[in-house]
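An overview of the molecular structure
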Amino acid sequence: MLMYGWMKFVEVAPERYDWAVKLMTLGRLDQLKDRIAAFIKPGDNVLDVGCGTGTLALRLLRKGAHVTGIDMSAFMIETAKKHAEREGLAANLTVFQDSVTQLRKHAAPESFDAIVCTMVLGELSPDYLRFIFDECFSLLKPGGQLLIGDEVWPEHKLASAIYRGMLAIAWIPQFLLLRRVNYPVRDLKGKIAKAGFQIADVQELLFTSFSLIRAVKPANAAAAAAGSAHETQLVG
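Now for a description of the structure that goes with this document. (Residues numbered from 1 in each chain as written. Predicted model: local features only at pLDDT ≥ 70, side-chain atom pairs only at ≥ 80, totals over all residues. Heavy atoms only, no water.)

1. Points about the environment of Pro109
Keep this limit in mind: Going along the chain from the N terminus, every DSSP run of H or I of four or more residues is numbered as a helix, and every run of E of two or more is numbered as a strand. Exposure categories follow from relative accessible area, calculated using a 1.4 Å probe and restricted to protein chains: below 20% of the type maximum is buried, above 50% is exposed, and the middle band is partly exposed. Here, residues are in contact when the closest pair of their heavy atoms is within 4.5 Å.
In this structure, Pro109 sits in the loop between strand S3 (93–97) and strand S4 (112–118). What makes Pro109 exposed here is its relative accessible area of 54%. In sequence terms Pro109 and Phe137 are 28 residues apart; their C-alpha atoms lie 8.8 Å from each other. Not counting chain neighbours up to four residues away, the residues in contact with Pro109 comprise Ser138 and Leu139.

Shown next as structure tokens:
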């Protein structure tokens, strides 16, 4: 919650965004991005949901991946392009300024080997999360990976109680500053699994609410999808 609040605040002055996020997370978000990049292979076609200034996309481009990024902020998109151009990697980067709920508008089904996302999901309602995970399932090739690094609600009772106390203190200044409150995602693994993914790996950063969840679209996903026939619609 504190992390989301800080990110929203520095977006008001986005030229300071990258160093501000690094400072607030004590470099832990960079650790998550490094771990995500470790799963990407040269030649992979990757979708970066909420790509921001392109710090994760750049890691993937350096590994020889082809990256498509989507973000609502024009400044973030332009900054991501400049980062790629500076390292001579712009030819393998495609970016779109659009909502993360519009993924399928920019790509055909089964277009990507991997979909990555960091520090985006806490801004979204459960209905939007279901919709986005269904979209990701459609856009991934069978056997493709969904790699998410985000703040998640602790599963263990003691950690959950401590975290609840922290949120009780933090929500007032965050609301006064931002006029909104962002929360870590509850049962993120369960929400991903409901879209048809198989949870392959969960990595938690000690003494933080940050987790990396790696999920895989089953190789027989077409048959599974036909059997479950799940389709999410967004209303309003």
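2. A look at helix H5 (residues 74–86)
Applied cut-off: Under the convention used throughout, the expected extent of a helix is 1.5 Å for every residue step, that is, one less than its residue count. Along the arc lie the directions from the helix axis toward the C-beta atoms. In protein, a polar contact means a hydrogen-donor-capable atom and an acceptor-capable atom, both N or O and within 3.5 Å, with residues adjacent in sequence counting only if both atoms are side-chain atoms; elsewhere, any N or O pair within 3.5 Å suffices.
Over its 13 residues, H5 runs 18 Å from end to end, which matches the ideal 18 Å to within 8%, given 1.5 Å per residue. For H5, every residue scored as buried is listed here: Met76, Ile77, Thr79, Ala80, His83 and Ala84. Seen end-on, H5 carries its buried residues on one side only, within an arc spanning 165 degrees. In this structure, H5 carries Lys82 and Arg86 as exposed residues pointing more than 90 degrees from its buried face. For H5, the side-chain oxygen to backbone nitrogen distance between the N-cap and Phe75 is 3.4 Å, and the N-cap itself is Ser73. Where H5 ends, the next residue or the one after it, Gly88, has phi of about 70 degrees, a positive value.

3. So, the sheet that holds S3
Where we set the bar: By the convention used here, strands pair only if DSSP detects at least 2 bridges between them. Axis definition: a line fitted to C-alpha atoms, limited for helices to the stretch in contact. Angles are taken between N-to-C directions and run from 0 to 180 degrees.
The sheet built from seven strands is open, its strands ordered S3-S2-S1-S4-S5-S7-S6 with mixed pairing. Unpaired on one side and paired on the other, S3 and strand S6 (198–204) mark the two borders of the sheet. Within this sheet the neighbouring strands show an average axis-to-axis angle of 15 degrees, counted without direction. Bridging between strand S5 (residues 140–151) and strand S7 (residues 210–216) involves seven bridges; their strand directions are antiparallel. The partner of Glu151 across the bridge, within S7, is Phe210. Against the sheet, helix H6 (residues 126–139) contacts strand S1 (45–49), S4 and S5, and its axis sits at roughly 145 degrees relative to S5.

4. Focus: the nonpolar core
Formally: To qualify as a nonpolar core, a set must consist of buried Ala, Val, Leu, Ile, Met, Phe, Trp, Tyr and Cys residues joined through side-chain atoms within 4.5 Å.
Grouped together as the largest cluster of nonpolar side chains are 29 residues, with contacts concentrated most on Ile115, Phe133, Leu146, Leu188, Ile192 and Phe197. Elements that contribute at least two residues to this core include exactly S1, S4, H6, S5, helix H8 (188–194) and S7. No other element matches H6, which puts seven residues into this core. Residue contacts for Ile192: discarding those within four places in its chain leaves Phe133, Leu146, Ile148, Phe197, Ile199, Ile213 and Ala215. Counting residues in hydrophobic clusters, the runner-up holds 23 residues, among them Val46, Leu89, Val116 and Met119.

5. Regarding the packing of aromatic side chains
As a reminder of what qualifies: Only the six-membered ring of Trp is used, alongside the rings of Phe and Tyr, when aromatic pairs are assigned; centres must lie within 6.5 Å, and planes under 30 degrees apart are stacked while those over 60 apart are edge-to-face, with the rest tilted. As a reminder, the over-ring test applies to NZ of lysine and CZ of arginine, requiring each to be within 6 Å of the ring centre and within 35 degrees of the ring normal.
The final tally for this structure, using the stated rule, is one aromatic pair. Note on Phe137 and Phe197: the rings are 5.2 Å apart at their centroids and 80 degrees apart in plane angle, and the pair reads as edge-to-face. Placement of Phe137 in helix H6 and of Phe197 in the loop between H8 and S6 is noted, with a sequence separation of 60 residues between them. Looking at Lys217, its charged tip hangs above the ring of Phe137, at a distance of 4.9 Å from the centre.

6. Description of helix H3 (residues 28–37)
For H3, every residue scored as buried is listed here: Leu29, Asp30, Leu32, Lys33, Ile36 and Ala37. One side of H3 holds all its buried residues, which, seen down the axis, span an arc of 155 degrees.

7. A short note on the pairing of S4
Spelled out, the test is: Clockwise travel from the first strand over the helix to the second, with the strands pointing away from the viewer, marks a crossover as right-handed.
In terms of residue burial, S4 counts as a mostly covered element, since six of its seven residues are buried. Across four bridges, S1 lies against S4 in parallel orientation. Paired with Val49 across the bridge in S4 is Cys117. Two strands pair when backbone bridges link them, and S4 and S5 are joined in this way by six bridges, in the parallel orientation. Residue pairing for S5: Ala114 is matched across the bridge by Gln145. Handedness of the crossover joining S4 and S5 through H6 is recorded here as right-handed.

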